[in-house]
Amino acid sequence: QLQLAETGGGVVQPGGSLRLSCVASGGALDYYAIAWFRQAPGKEREGISCISSSEHSSVPNTYYADAVKGRFTVSRDSAKSTVYLQMNDLKSEDTAVYYCAARPQYYSGSYYTRNLPLRHEYKDWGQGTQVTVST
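Values in this document were obtained by computation on a predicted structure and should not be read as measured data.

Draft legend 1. Inspection of the state of the cysteines at higher detail. Counted under the stated rule, the structure contains one disulfide. With a sulfur-sulfur separation of 2.1 Å, Cys22 is cross-linked through a disulfide to Cys100. Measuring handedness by torsion sign, the sulfur bridge of Cys22 and Cys100 sits at about 75 degrees and is right-handed. Of this pair, Cys22 sits in strand S3 (residues 18-25) while Cys100 sits in strand S9 (residues 96-104); the two residues are 78 residues apart in sequence, bridging distant segments of the chain. Cys22 sits in the buried class, given a relative accessible area of 2%. A residue is classified by how much of its surface remains accessible, and Cys100, at 0% relative accessible area, is buried. Distance from the sulfur of Cys50, which forms no disulfide, to the nearest cysteine sulfur (Cys22) is 13 Å.

Draft legend 2. Spatial organisation of the pairing of S3. Here strand S1 (residues 3-7) pairs with S3 via five bridges, running antiparallel. In the sheet register, Ala5 faces S3, and the bridge partner there is Val23. Inspection of the sheet shows S3 paired to strand S8 (residues 82-87) by six bridges, in the antiparallel sense. Bridge pairing in S8 links Leu20 to Leu85.

Draft legend 3. Quick peek at the packing of aromatic side chains. The tally for this structure, following the rule as stated, stands at seven aromatic pairs. Between Tyr107 and Tyr111, the aromatic rings sit 4.9 Å apart at their centres with planes inclined by 70 degrees, giving edge-to-face as the arrangement. Judged by its relative accessible area of 49%, Tyr107 is partly exposed. On the accessibility criterion, Tyr111 (45% relative accessible area) is partly exposed. A centroid spacing of 5.0 Å and a plane angle of 75 degrees characterise the contact between Tyr111 and Tyr112, whose relative ring orientation is edge-to-face. In this structure an aromatic cluster arises from ring pairing among Phe37, Tyr99, Tyr122 and Trp125. We note Arg103 situated over the ring of Tyr122; from NZ or CZ to the ring centre the distance is 5.5 Å. Looking at Arg119, its charged tip hangs above the ring of Trp125, at a distance of 5.9 Å from the centre.

Calculation notes
Residues numbered from 1 in each chain as written. Predicted model: local features only at pLDDT ≥ 70, side-chain atom pairs only at ≥ 80, totals over all residues. Heavy atoms only, no water. Disulfide = S-S within 2.5 Å. Helix = DSSP H or I, 4+ residues; strand = E, 2+ residues; numbered from the N terminus. Buried < 20%, exposed > 50% of the residue type's maximum accessible area, 1.4 Å probe, protein only. Pairing = 2+ DSSP bridges. Phe/Tyr/Trp six-rings, centres within 6.5 Å; stacked < 30°, edge-to-face > 60°. Lys NZ or Arg CZ within 6 Å of the ring centre and 35° of its normal.

Printed below as a string of structure tokens:
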């Protein structure tokens, strides 16, 4: 029953940065693991990052796909019910619609961040925000 809304997308030049926000409502964000997905034109939706709940730890576990590791950083702010995706050194290949998604967290954080997040594992989704990296 968690509602999600992404903001922060836009047009940026290669090498630039954007910060996406995923604002949650309708439930306690700390009881959910949150994942970021993206879908480029003509391609399948792919998981790129996820962050576990902070309910059981002050330092949530995180995951990054190889394509974004070292450039993107995911974080969460429980007080604002928001998960962020800081995207640096953006490339044209990063152009896509970016989605955040939630799944209830029942186990330890590492369970949700050891592997690539899969679409079918996440039930609550935002509407997506467009990120375009172009000259």
